[in-house]
Amino acid sequence: DCFLKALRFNLFKKKKRFYGNAFDLESGFIHLSTKSQIKDTINRYFQGQENIVILQICETKIKENIKWEISTNNQLFPHLYGFLELFDVKKVSNVY
């Protein structure tokens, strides 16, 4: 899953492609989380922020561009080396 602020999600909907936020661009990949990692990711990076959107991604469409790498707390996280297309999104949920 991918986390976006609502404003950035609206831009994604217009442009149909998402290359990442500033942190993603600096890292060289789009940070994703598994379903079991969502709560910790929200608490660590988005606590106190409003208008956060979670995008559930169809992994089969981007599978060849995902690398599983050790990150926070020595957990494996999916990192997308490339971009998301709007049709890669299965579901959109508002968190706050």
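*Asks:* Sorry if this is basic, but what is going on with the packing of aromatic side chains here?
*Replies:* Given two aromatic rings, one states the distance between the centres and the angle between the planes to describe the pair. Scanning all chains against the criterion turns up six aromatic pairs. Both rings, one in Tyr19 and one in Phe83, keep their centres 5.2 Å apart while their planes meet at 45°; by these two values the pair is tilted. Of this pair, Tyr19 sits in the loop between strand S2 (17-18) and helix H2 (22-27) while Phe83 sits in the loop between strand S6 (76-80) and strand S7 (84-85), and the two are 64 residues apart along the sequence. In textbook terms, an aromatic cluster arises when at least three aromatic residues are bridged by ring pairs, as seen for Phe9, Phe12 and Phe18. A cation over a ring is seen here: Lys67 above Tyr81, with NZ or CZ 4.8 Å from the ring centre.

*Asks:* Would you explain the sheet that holds strand S5 (residues 66-70) in this entry?
*Replies:* Sheet strands line up and pair through hydrogen bonds in the backbone, either parallel or antiparallel. A sheet is described by the order of its strands in space; here three strands give the open sequence S3-S6-S5, paired in antiparallel fashion. Two strands close off the open sheet at either side, each with one partner strand: strand S3 (30-31) and S5.

*Asks:* What's the story with the sheet that holds strand S1 (residues 2-5) in this structure? I'm lost.
*Replies:* Within the open sheet, the three strands sit side by side as S1-S4-S8. Their pairing is antiparallel. Sheet topology places S1 and strand S8 (89-94) at the edges, where each strand pairs with a single neighbour. Each neighbouring strand pair of the sheet contributes to a mean axis angle of 25°, computed without reference to strand direction. Bridge count for strand S4 (residues 52-57) against S8 is five bridges, and the pairing is antiparallel.

*Asks:* Just to check I follow, could you spell out the environment of Phe87 for this structure?
*Replies:* Considering the arrangement of structural elements, one finds Phe87 in the loop between S7 and S8. You can call Phe87 exposed: its relative accessible area is 54%. Linking Phe87 and Lys39, residues 48 residues apart in sequence, is a C-alpha distance of 25 Å.

*Asks:* Looking at this structure, how should I read the pairing of S5?
*Replies:* Successive residues of a regular strand alternate their side chains across the two faces of the sheet. With five bridges joining them, S5 and S6 adopt antiparallel strand pairing. Along S6, the bridge assignment pairs Glu69 with Phe77.

*Asks:* Explain the pattern of salt bridges to me, please; I cannot follow it from the model alone.
*Replies:* Proximity of charged atoms lets side chains of opposite charge pair with each other. Under the definition given, this model contains one salt bridge. Between Glu85 and Arg17 there is a salt bridge, with the nearest N and O atoms lying 3.5 Å from each other. Taken together, the positions of Glu85 in strand S7 and Arg17 in strand S2 put the pair 68 residues apart, joining distant regions of the chain. Taking relative accessible area as the criterion, Arg17 reaches 36% and is therefore assigned partly exposed.

*Asks:* What is the right way to read the environment of Val53 from this model?
*Replies:* Relative to the helices and strands, Val53 resides in strand S4. The buried category is assigned to Val53, whose relative accessible area is 2%. Sequence separation of Val53 and Phe83 is 30 residues, and the distance between their C-alpha atoms is 17 Å. What Val53 contacts, discounting residues up to four positions off in sequence, is Cys2, Phe3, Leu4, Ala6, Phe9, Val92, Ser93 and Asn94.

Calculation rules
Residues numbered from 1 in each chain as written. Predicted model: local features only at pLDDT ≥ 70, side-chain atom pairs only at ≥ 80, totals over all residues. Heavy atoms only, no water. Phe/Tyr/Trp six-rings, centres within 6.5 Å; stacked < 30°, edge-to-face > 60°. Helix = DSSP H or I, 4+ residues; strand = E, 2+ residues; numbered from the N terminus. Lys NZ or Arg CZ within 6 Å of the ring centre and 35° of its normal. Pairing = 2+ DSSP bridges. Axes fitted to C-alpha atoms, helices over the stretch in contact; angles between N-to-C directions. Buried < 20%, exposed > 50% of the residue type's maximum accessible area, 1.4 Å probe, protein only. Salt bridge = Lys/Arg side-chain N within 4 Å of Asp/Glu carboxyl O. Contact = heavy atoms within 4.5 Å.

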